[in-house]
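Inside the fold
Here is how the chains run, residue by residue.
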Amino acid sequence: MPIVAPSLLAADFLKLTEECQMLNESEADWFHLDVMDGHFVPNISFGPMIVEFIRKTTNKVCDVHLMILEPEKYAEAFKNAGADYLSVHIEACPHLHRNIQQIKSLGMKAGIAINPHTSISALSDILRDIDLVCMMSVNPGYGGQKFIPHTIEKIQQLRSMINERGLKVLIEIDGGVTLENAPSIIAAGADVLVAGNTVFKSADPKGMIAELKAIK
Ligand code: DX5
Ligand code: ZN
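Each value, and the rule that gives it
Residues numbered from 1 in each chain as written. Chains lettered and ligands numbered in written order. Predicted model: local features only at pLDDT ≥ 70, side-chain atom pairs only at ≥ 80, totals over all residues. Heavy atoms only, no water. Near = heavy atom within 4 Å. Polar contact = N/O pair within 3.5 Å; in protein donor to acceptor, adjacent residues only side chain to side chain. Areas by Shrake-Rupley, 256 points an atom, 1.4 Å probe, with all protein chains shown as cover. 1 Å grid on protein atoms, 1.4 Å probe; cavity = no way out; pocket = protein on both sides within 12 Å on 5 of 7 lines; lining within 4 Å. Sits in = over half its atoms within 2 Å of the grid points. Helix = DSSP H or I, 4+ residues; strand = E, 2+ residues; numbered from the N terminus. Nonpolar A, V, L, I, M, F, W, Y, C, P; charged D, E, K, R; others polar. Donors = N, O, S within 2.8 Å, 3.2 Å for Na, K, Ca; no water. Tetrahedral: all angles 85-135°; square planar, octahedral: opposite > 155°, others 65-115°. Buried < 20%, exposed > 50% of the residue type's maximum accessible area, 1.4 Å probe, protein only. Core = buried A, V, L, I, M, F, W, Y, C linked by side-chain atoms within 4.5 Å. Contact = heavy atoms within 4.5 Å.

**Concerning the site of ligand 1**
Every one of the 20 residues lining ligand 1 counts as a neighbour, but Asp34, Gly141, Asp174, Gly196 and Asn197 are closest to it. Contact between ligand 1 and glycine 141: an oxygen atom at 2.8 Å from a main-chain N or O atom of the residue. Contact between ligand 1 and glycine 144: an oxygen atom at 2.9 Å from a main-chain N or O atom of the residue. Protein coverage of the free-state accessible area of ligand 1, which is 380 Å², stands at 99%. Among the cavities detected, the one that contains ligand 1 is the largest pocket. Counting residues per element, the shell around ligand 1 draws most heavily on strand 2 (residues 30-36), at three residues. Taken together, the residues of the shell around ligand 1 sort by class into eight nonpolar, 10 polar and two charged.

This is the structure in structure tokens:
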């Protein structure tokens, strides 16, 4: 069964309490929280303050995806806000190993997010140090974009690398996930499905989450 991680980016922020309540009552496993700085990505979303409010509504795993430059300046703030997983972008981190050590020493699970153009081989010398790869299947910055099909090959490559080395790193797919493409994403070897618009713009978000969860 996949881990289902709805992205609150697509939620109604004037009804955040109700949206979080809906996720709590659903089969969703994680809350995926997208932080954007207007520099690493062209959009701005929210920061640690909102993560802290969301954290108070749930006991589910809070999976924070940082799309920001200089994440080392904010890792502690996200820990204090209640992040369980903290992912940083490989493209934003010249001293990635140091970022990962910082996240782990703060007591969080460490993730690395990679853009569509970044090759799986770039993870080779850091894979043993992390808990999660957040593989972008769209260019980060906006919800509601179309899934990039080449991602499927990248999932297969990463799955092989993880299995060959006997590691326990989770593969998370982020961007344009739908009921139609999710089966091939899972078949390729992914563990975690992020879904923003597919869940929150559905007429029946809880039902949609259950359908994603039921994918074999
Ligand atoms: C994109 C974000 C995604 C986004 C996914 O930059 O990282 O998490 O919210 O949204 P959908 O599922 O609508 O593509
Ligand atoms: Zn994300």
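**Side note on the coordination of the zinc ion (ligand 2)**
Around the zinc ion (ligand 2), the protein contributes the donor atoms His32 (NE2), Asp34 (OD), His65 (ND1) and Asp174 (OD), which lie 2.0 to 2.3 Å from the metal centre. Note that the zinc ion (ligand 2) binds six donor atoms; their angles at the metal cover 69 to 170 degrees, and the shape is octahedral. Each donor residue of the zinc ion (ligand 2) lies on the same chain, and together they follow the pattern H-x1-D-x30-H-x108-D. Residue histidine 65 is found in strand 3 (residues 61-67), and its partner aspartate 174 is found in strand 7 (residues 170-174); the two are separated by 109 residues along the sequence. Each member of the pair, histidine 65 as well as aspartate 174, carries the same accessibility label: buried.

**Details of unusual backbone geometry**
Backbone geometry at glutamate 70 places phi at a positive 50 degrees, although glycine is not the residue there. Of note, glutamate 70 is situated in the loop between strand 3 and helix 3 (75-81).

**Side note on the nonpolar core**
Leu8 and Leu123 are the most contacted members of the largest nonpolar core, which has 70 residues in total. The biggest single contributor to this core is helix 5 (residues 151-164), with five residues. The residues contacting leucine 123, other than those within four sequence positions of it, are Ile90, Ile112, Ile114, Val133 and Leu158. One finds Trp30, Tyr85, Leu132 and Val194 within the second-largest nonpolar core, a separate group that totals eight residues.

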